[in-house]
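Residues per chain, in single letters:
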Amino acid sequence: QVQLVESGGGSVQAGGSLRLSCVASGRFSSINAMGWYRQPPGKQRELVATISSGGTTNYADSVKGRFTISRDNAKNTVYLQMSSLKPEDTGGYSCYVKVVAGFYAEYLEVWGQGSLVTVSS
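Residues numbered from 1 in each chain as written. Predicted model: local features only at pLDDT ≥ 70, side-chain atom pairs only at ≥ 80, totals over all residues. Heavy atoms only, no water.

> Would you mind showing me how to read the packing of aromatic side chains here?
One pair of aromatic rings is described through two measures. These are the centre distance and the angle between the planes. This model, assessed by the stated rule, comprises four aromatic pairs. Note on F103 and Y104: the rings are 5.0 Å apart at their centroids and 85° apart in plane angle, and the pair reads as edge-to-face. Considered together, F103 and Y104 belong to a single accessibility category, that of exposed residues. One aromatic cluster in this structure is built from Y37, Y96 and W111. Above the plane of the ring of Y79 lies R19, whose end atom (NZ or CZ) is 4.1 Å from the centre. Directly above the ring of Y107 sits K98, whose terminal nitrogen or CZ lies 4.6 Å from the centroid. (Phe/Tyr/Trp six-rings, centres within 6.5 Å; stacked < 30°, edge-to-face > 60°. Buried < 20%, exposed > 50% of the residue type's maximum accessible area, 1.4 Å probe, protein only. Lys NZ or Arg CZ within 6 Å of the ring centre and 35° of its normal.)

Here is the structure:
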């Protein structure tokens, strides 16, 4: 099994910053992609950012230039540095990893429990 533990959510005023962290642990051979998704109140879950095992990043247009995703492969950790936060960034943020696991080295997708980020105006 693979477990994800998130930290760093909270409340901040518009223009402020927060940093989310997500640590993966358990039985897996390697981590492929890592990322963050969010679900604004009353809306569907949406992609925030992803990062490949080689460091290639992808961002939602709404966060480009404000959010930075990074990973520490030695610590099996993915980070999301959020700056210039806006009220519309409010939502539940979940980390995501795609790992190689099992006897047949299959891909397994795992989601974190979610961290609430609230940005007030």
